[in-house]
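# Fold and geometry: a report
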Amino acid sequence: MNCRAGPGASCGGPTWRIISRSRCIKAAYRNASFIANNRVVFNIKGNDYRLVVAVHYNRRMMFVRFIGTHREYDRIDAGTI
């Protein structure tokens, strides 16, 4: 995968530890939804489960904020959790 944004900028491939650009996340995980406060929501197992992560682009890391069923996800504020 190549998701270059400019000279010398590359995501280097799909990984949970090295995330440099939102376009790299979207290229690797097409079902990713970007929401407020640098949160990304992933649908898991045919949308049965949701994973919410906080992306720290400057650190090139993701922190898991929530894992649960679709019903549980509907009860949280994913942008602030």
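Residues numbered from 1 in each chain as written. Predicted model: local features only at pLDDT ≥ 70, side-chain atom pairs only at ≥ 80, totals over all residues. Heavy atoms only, no water.

Right, let's talk about unusual backbone geometry for a bit. Keep in mind that most residues, glycine aside, have a negative phi and that most peptide bonds are trans. With a phi angle near 60 degrees, Asn 37 is a residue other than glycine that sits in the positive phi range. Its location among the elements puts Asn 37 in the loop between strand S1 (33-35) and strand S2 (39-44). Since its relative accessible area comes to 51%, Asn 37 is described here as exposed. (Helix = DSSP H or I, 4+ residues; strand = E, 2+ residues; numbered from the N terminus. Buried < 20%, exposed > 50% of the residue type's maximum accessible area, 1.4 Å probe, protein only.)

Before going further, it helps to spend a moment on the nonpolar core. In this structure, Ile 25, Ala 32, Val 40, Phe 42, Leu 51, Val 53, Val 55 and Met 62 together form the largest nonpolar core, which totals eight residues. Sorting the residues of this core by element identifies S2 and strand S3 (49-56) as the ones contributing at least two each. The element contributing the most residues to this core is S3, with three residues. Apart from the residues within four sequence positions on either side, Val 53 is in contact with Asn 38, Arg 39, Val 40, Phe 42, Met 62, Phe 63, Val 64 and Arg 65. (Core = buried A, V, L, I, M, F, W, Y, C linked by side-chain atoms within 4.5 Å. Contact = heavy atoms within 4.5 Å.)

The next point concerns the pattern of salt bridges. Summed over the entire model, instances satisfying the criterion amount to one salt bridge. Close ionic contact of Asp 48 with Lys 45 constitutes a salt bridge, the shortest N to O distance being 3.0 Å. (Salt bridge = Lys/Arg side-chain N within 4 Å of Asp/Glu carboxyl O.)

Residue position: Arg 50 is located in strand S3. Although Arg 50 is buried, it forms no salt bridge, and the closest oppositely charged side chain is Asp 74 at an N-O distance of 5.4 Å. In terms of polar contacts, Arg 50 uses its side chain to reach the side chain of Asn 47, at 3.1 Å. Setting aside residues up to four positions removed in sequence, Arg 50 forms contacts with Val 41, Phe 42, Asn 43, Phe 66, Ile 67, Gly 68, His 70 and Tyr 73. (Lys, Arg positive; Asp, Glu negative; His and termini not counted. Polar contact = N/O pair within 3.5 Å; in protein donor to acceptor, adjacent residues only side chain to side chain.)

The next thing to look at is the pairing of strand S4 (residues 61-69). Bridging between S3 and S4 involves eight bridges; their strand directions are antiparallel. Its bridge partner lying in S4, Tyr 49 is registered against Thr 69. Counting the residues in the hairpin turn of S3 and S4 gives four residues, including Arg 60, whose phi is positive at 60 degrees. (Pairing = 2+ DSSP bridges.)

Attention now goes to the pairing of S3. Taken across its eight residues, S3 has six buried, putting it largely inside the fold. Where S2 meets S3, six bridges bridge the pair, whose relative direction is antiparallel. Looking at S3, one finds that Asn 43 is bridged to Arg 50. Between S2 and the antiparallel strand that follows it, S3, lie four residues; Lys 45 among them carries a positive phi value of about 55 degrees.

With that settled, consider the packing of aromatic side chains. Per the stated rule, a full pass over the model turns up two aromatic pairs. Aromatic pair Tyr 29 and Phe 42: ring centres 5.6 Å apart, planes at 85 degrees, arrangement edge-to-face. Separated by 13 residues along the polypeptide, Tyr 29 in the loop between helix H1 (22-28) and S1 and Phe 42 in strand S2 bring together distant segments of the chain. When its relative accessible area of 23% is taken as the criterion, Tyr 29 is described as partly exposed. Looking at Arg 50, its charged tip hangs above the ring of Tyr 73, at a distance of 4.5 Å from the centre. (Phe/Tyr/Trp six-rings, centres within 6.5 Å; stacked < 30°, edge-to-face > 60°. Lys NZ or Arg CZ within 6 Å of the ring centre and 35° of its normal.)

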